Amino acid sequence: MQWSALHVHPSRLRTAPALRALERRDGSTTFAVDGLVCGLCAARTQQAIEGVEGVHRVEVDLDRGVAVVRHEDDLPGMAAMQQALDRVVIALPIRRLLGRLTRRTGRAGRTAA
């Protein structure tokens, strides 16, 4: 999948990338990927999750902020997938801080759609 280097969602910088399961079917699960900002983020997310044991293929949709993960019958552990994602996030501590500050002030920090 290709992503445009110029297509950016700057408002998503307020949230550190996190996975939330949206829909599960036989052999695949669709996740919201909060904090998905640009094509580089999408590519790094795809590579990170594909490296988790039991994952066969990942398709990331930057505009919708979702990833479809094709996997073995059993869904790989959420903790393992989130840890893989955390290892590739640029400026993770700063983005987590921004997310906490945004939630405290009452503004929604999640913009996955």
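Being a predicted model, the structure only gives us computed values, none of them experimental.

(A) Spotlight on the pattern of salt bridges. In this structure the tally under the stated criterion is 5 salt bridges. Several salt bridges converge on common partners, so that one network encompasses R57, E59 and R70.

(B) Focus on the pairing of strand β3 (residues 55-61). Note that β3 and strand β4 (residues 66-71) share 6 bridges and pair antiparallel. The residue bridging V60 from the neighbouring strand is A67, located in β4. Connecting β3 to the next strand, β4, in antiparallel fashion are 4 residues, including G65 with a positive phi near 70°.

(C) Highlighting the confidence of the model for the protein. Looking at the protein as a whole, its pLDDT mean stands at 79, while 69% of the residues score no less than 70. A low-confidence stretch, residues 109-113 stays under pLDDT 50, and its non-local contacts, those more than four residues away or across chains, total 19 contacts.

Thresholds applied
- Residues numbered from 1 in each chain as written.
- Predicted model: local features only at pLDDT ≥ 70, side-chain atom pairs only at ≥ 80, totals over all residues.
- Heavy atoms only, no water.
- Salt bridge = Lys/Arg side-chain N within 4 Å of Asp/Glu carboxyl O.
- Pairing = 2+ DSSP bridges.
- Helix = DSSP H or I, 4+ residues; strand = E, 2+ residues; numbered from the N terminus.
- pLDDT = per-residue confidence, 0-100.
- Contact = heavy atoms within 4.5 Å.

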